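Summary of structural features
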Amino acid sequence: MKRYLYTVLALVMVFTIVMPALAQAPNEDPLDVYKWDYPESFGNVTIAVIGDAGHNLKPYEFWKEDLAKVGITAEIIEVPFDAVYEKEMAEFVVGSGAFDLVTFYPAYIGDFAGNGFLEPLDDYMVKEPAAVWDPAADDILPPFWELYCRFGGKSYALPIDGDILLLLYRKDLFENEEEMAAFKAKYGRDLAAPTTWDEYKEVAEFFTRKKGDMLAGKELAHNFYGTAEYGERGFSVYWFLNRFTSNGGMYFDADMNPTINTPEAAAALQNMIDTLPFMPPDVMAYGYEELKDAFLKDYTAMVIQWSDVPKKAGDPELSEIGGMVDVAVLPGWAMEDGTVVHRSMMPVGRVLAVAVDSANKEAAYWVAKHLSYDRSLDDVATMLTGLDPYRYSHFAHPEAYKMFVSEEAAADYLKGVEANMAVGFPEIFIPGSAAYTDALDLQVQKALTGEATPEEALAAASADWDKITDKLGREQQVKLWNQALESYKALGLIE
């Protein structure tokens, strides 16, 4: 992503303005899990909300009547998925006051809160009555609260989406007797969800077939591939980081020296390169939608994807594999003692924050609280959004996830998400996160497309990271990074 050094002309942006039509709530009857109440009317105010375009803005449609009851109209400003940072930062820098409520990916909180662009929320959270104002932070999983929403000892945001990457696989294929026998004959072990990244590559190779080949006793009408990953510029770096962090990787040492240019990092990137032949040939153009469709439309046996995709598998308009999806922990690396270290990256996620220059801060906060808590289970337990569980209560109600064939299947899905969260690995939660991540993503792309070797790409990324640190102020970055490390340790995300 481009950094936030903009010309005046670049700051004049064109947005798509959508006035949401009334949409049916995700459940016929909203779930009665939380006890909350409406505030007094805010007096017919319009709240300008910015977010990434698509299904994750649907809650404003679902609950339009709730907002209307308290005198709020939401004006939705949609921007592309990969343009959230630069669009919001550009408006913040010029102080346009264009937004009241901002949706962003929480790794950006250091840049946004650290530069004074967000309203602190602690005073709003303790207002009375609690049924109106309290977002029940103690119900939020600690990483999604402490990392996503807080900076410098203050609360600046409320979560609406708890993202983590999962390994999804076709259990009907993995349990097919013919395929199991063929795999055992070829590799000398049982066919199962891969435990290591080497096994992942082997399973991907095994299931890659040509049109006309047989798969689970049926002739293929199209080419079929073992797996798929996010290849598009901007976020593919996280699929590398799954491998790197499970191979013992960390972003920086305590002095902010980059630690991404190591033999272990090169081996992780090489594994990703070596697995590419068993992915669709256009995988380097795959963003979220293409990656989702490749799996749900029956073109791959596995996929590494966000945790909303299993919910969408139950929609016959989106999926051809309903009831056939299982969730496993992402593969890891085998250590010398025989243990396998797993790490699942937690990229993106979404939080809501009140812009410091909003003219309607109290109303904007209540909308954030209403979506983050009051209506949150409805919004994550539906296939109509891409929002995922982030509260303890979201995991305690499998009966809410009616897109699965049974409550037991929903419980299995939630257990799979929890298992990956147990080995979750955080992004870089300090100022400059967007710049560091983008610089690494660019070099990962060069390695994947053959423009550079893994060693060359990682060396270049390391040099770029040093430049970013020096530009932002090394002494301050070292201080903030060590605070971040302490937070990671306190949350049990690293040792």
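Residues numbered from 1 in each chain as written. Predicted model: local features only at pLDDT ≥ 70, side-chain atom pairs only at ≥ 80, totals over all residues. Heavy atoms only, no water.

In this section: the sheet that holds strand β12 (residues 325–328). Hydrogen bonds between backbone groups are what pair the strands of a sheet, and the pairing can be parallel or antiparallel. An order of β11-β8-β12 is seen for the three strands of this open sheet, with the pairing classed as antiparallel. Of all the strands in the sheet, the pair left with one neighbour each is β11 (302–306) and β12. Each neighbouring strand pair of the sheet contributes to a mean axis angle of 35°, computed without reference to strand direction. The sheet contact formed by strand β8 (residues 165–170) and β12 spans four bridges and is antiparallel. When the sheet's bridge partners are listed, Y169 is paired in β12 with D326. On the sheet, helix α10 (residues 197–207) packs against β8 and β11 and is oriented at approximately 125° with respect to β11. (Pairing = 2+ DSSP bridges. Helix = DSSP H or I, 4+ residues; strand = E, 2+ residues; numbered from the N terminus. Axes fitted to C-alpha atoms, helices over the stretch in contact; angles between N-to-C directions. Contact = heavy atoms within 4.5 Å.)

On to the nonpolar core, then. Among the nonpolar cores identified, the biggest contains 174 residues, and F240, Y401 and W481 are the most heavily contacted of them. Counting residues domain by domain, this core receives three or more from each of domain 1 (45–162 + 348–403) and domain 2 (165–345 + 405–495). (Core = buried A, V, L, I, M, F, W, Y, C linked by side-chain atoms within 4.5 Å. Buried < 20%, exposed > 50% of the residue type's maximum accessible area, 1.4 Å probe, protein only. Domains from an automatic or database assignment.)

This next bit is on the pattern of salt bridges. It is possible for side chains of opposite charge to pair when their charged atoms get near one another. Per the stated rule, a full pass over the model turns up 24 salt bridges. Here R150 makes a salt bridge to E146, at a shortest N to O gap of 3.5 Å. Between D388 and K311 there is a salt bridge whose closest N-O contact spans 3.5 Å. Linking D388 in the loop between α16 (376–380) and α17 (392–395) with K311 in helix α14 (residues 309–312), this pair joins segments that are 77 residues apart in sequence. The exposure classification of D388 matches that of K311, with both residues buried. (Salt bridge = Lys/Arg side-chain N within 4 Å of Asp/Glu carboxyl O.)

Now for unusual backbone geometry. With an omega of 0°, the peptide bond between E128 and P129 qualifies as cis. Located in the positive-phi region is A136, a residue other than glycine, with phi close to 55°. Residue position: A136 is located in the loop between α6 (130–133) and α7 (142–147). Taking relative accessible area as the criterion, A136 reaches 11% and is therefore assigned buried.

Attention now goes to the packing of aromatic side chains. As enumerated under the stated definition, the model contains 42 aromatic pairs in all. In this structure, K127 packs its charged tip against the face of W133, placed 4.2 Å from the ring centre. Over the aromatic face of W197 sits the side chain of R243, whose NZ or CZ is 4.3 Å from the ring centroid. (Phe/Tyr/Trp six-rings, centres within 6.5 Å; stacked < 30°, edge-to-face > 60°. Lys NZ or Arg CZ within 6 Å of the ring centre and 35° of its normal.)

What follows is about the domain arrangement of the chain. Domain annotation for the chain reports domain 1 (45–162 + 348–403) and domain 2 (165–345 + 405–495). Computed over C-alpha atoms only, the centres of domain 1 and domain 2 are separated by 27 Å. Opposite the 36 residues of domain 1 that make contact, domain 2 presents 33 residues. Buried area between domain 1 and domain 2, both sides added, is near 2,700 Å², and the carbon and sulfur share of it is 71%. Counting across the interface, domain 1 meets domain 2 through one salt bridge. Between the two partners, domain 1 and domain 2, sit 11 residue pairs in polar contact (both at pLDDT 80 or more). Contributing elements (two or more residues each) for the side of domain 1 that touches domain 2: α4 (109–114), α7 and α17. (Buried area = accessible area lost by both parts, 1.4 Å probe. Polar contact = N/O pair within 3.5 Å; in protein donor to acceptor, adjacent residues only side chain to side chain.)

Turning our attention to the pairing of β11. A regular strand places its side chains so that they alternate between the two faces of the sheet. Among the five residues in β11, five count as buried, and that is most of the element. Relative to β11, β8 runs antiparallel, the two sharing five bridges. Paired with L168 across the two strands is V303, which belongs to β11.

We now examine the packing of helix α11 (residues 237–246) against helix α12 (residues 263–275). Two elements in contact, α11 and α12, have axes separated by 8 Å at closest approach and are oriented at 130°. Relative to α12, α11 is oriented oblique. The crossing of α11 and α12 is right-handed. On α12, the residues that touch W239, F240, R243 and F244 of α11 are A265, A268, L269, N271, M272 and T275. When grouped by side-chain class, the residues that make up the contact of α11 with α12 number seven nonpolar, two polar and one charged. (Parallel < 35°, antiparallel > 145°, perpendicular 65-115°, else oblique. Left-handed = near helix turned anticlockwise from the far one by under 90°. Nonpolar A, V, L, I, M, F, W, Y, C, P; charged D, E, K, R; others polar.)

With that settled, the discussion passes to a negative patch on the surface. On the surface, D82, E232, D282 and E290 cluster together to form a negatively charged patch. With a relative accessible area of 31%, E232 lands in the partly exposed category. (Patch = residues over 30% accessible without salt bridge, like charges linked within 9 Å, V, L, I, M, F, W, Y side chains within 5 Å. Areas by Shrake-Rupley, 256 points an atom, 1.4 Å probe, with all protein chains shown as cover. Lys, Arg positive; Asp, Glu negative; His and termini not counted. Charge placed at Lys NZ, Arg CZ, Asp CG, Glu CD.)

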